[in-house]
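What follows is the residue order along each chain.
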Amino acid sequence: MSLRTLVKLYRVAKGRDKVERAWKLVREAARYSHHEPYWEFLKKNFDVRAEDIKDALRFLEENGEVQIKRSIDGKRLYVSTLKDIRENPVRLDRWLGLT
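About the criteria used
- Residues numbered from 1 in each chain as written.
- Predicted model: local features only at pLDDT ≥ 70, side-chain atom pairs only at ≥ 80, totals over all residues.
- Heavy atoms only, no water.
- Helix = DSSP H or I, 4+ residues; strand = E, 2+ residues; numbered from the N terminus.
- Expected span 1.5 Å × (residues − 1).
- Buried < 20%, exposed > 50% of the residue type's maximum accessible area, 1.4 Å probe, protein only.
- Contact = heavy atoms within 4.5 Å.
- Core = buried A, V, L, I, M, F, W, Y, C linked by side-chain atoms within 4.5 Å.
- Phe/Tyr/Trp six-rings, centres within 6.5 Å; stacked < 30°, edge-to-face > 60°.
- Lys NZ or Arg CZ within 6 Å of the ring centre and 35° of its normal.
- Salt bridge = Lys/Arg side-chain N within 4 Å of Asp/Glu carboxyl O.

Asker: Help me out: how do you make sense of helix α4 (residues 50–62) in this one?
Answerer: Along an α-helix, residues three or four positions apart point the same way, because every turn accommodates 3.6 residues. Between the first and last C-alpha of α4 there are 18 Å, a value that for 13 residues agrees with the 18 Å anticipated at 1.5 Å per step. Within the sequence span of α4, burial applies to Asp-52, Ile-53, Lys-54, Ala-56, Leu-57, Phe-59 and Leu-60. Contacts made by the buried residues of α4 are with α1 (3–12), α2 (15–30), α3 (38–46) and α5 (78–87). Gly-64 sits one or two residues past α4 and shows a positive phi near 75 degrees.

Asker: Can you walk me through the nonpolar core in this structure?
Answerer: Counting residues in each nonpolar core, the largest one holds 27 residues, and the members touching the most others are Leu-25, Ile-53 and Leu-57. When sequence neighbours within four positions are dropped, the list of residues in contact with Ile-53 reads Leu-25, Ala-29, Trp-39, Leu-42, Val-48 and Leu-82.

Asker: How should the packing of aromatic side chains be read in this particular structure?
Answerer: We describe a pair of aromatic rings using the distance from one ring centre to the other and the angle between the two ring planes. Per the stated rule, a full pass over the model turns up five aromatic pairs. Seen in terms of ring centroids, Phe-41 and Phe-46 are 6.0 Å apart; in terms of plane orientation they differ by 75 degrees. Their pairing is edge-to-face. On the basis of relative accessible area, Phe-41 is assigned to the buried category, the value being 18%. In this structure an aromatic cluster arises from ring pairing among Tyr-32, Phe-41 and Phe-46. Lying across the ring of Tyr-10, Lys-18 places its NZ or CZ 4.8 Å from the centre. Geometry around Trp-39 places Lys-54 over its ring, the cationic atom sitting 5.2 Å from the centre.

Asker: What's the story with the pattern of salt bridges in this structure? I'm lost.
Answerer: Taken as a whole, this structure holds eleven salt bridges when the rule is applied. Across the pair Asp-47 and Lys-43 runs a salt bridge, and its minimum N-O distance is 3.3 Å. Asp-52 is the salt-bridge partner of Arg-49, the closest N and O atoms lying 3.0 Å from each other. Residue classification places Arg-49 among the partly exposed positions, given a relative accessible area of 44%. Salt bridges here are not isolated pairs; linked through shared partners, they connect Arg-4, Arg-11, Arg-49 and Asp-52.

See the structure below:
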């Protein structure tokens, strides 16, 4: 499924389905996190805005599903978070069922 389609499905989803679709979108976006400059790459190749991915990440953070990395001054580091998701798709504590 294309990244653009996942964005559209995420936008119209409700409830628990929205969380699942946000995860699909974020995991798919994380596959391309090694491309630089990342946001321009998504716009050029998939016609996906940075706000679409950032919104899904913020939604997942609000629901306790993921923690967005922060810089020293408190700014959110979206691409670093996506790279971490790409490299470590399931944390050990979640795999063990501790969370």
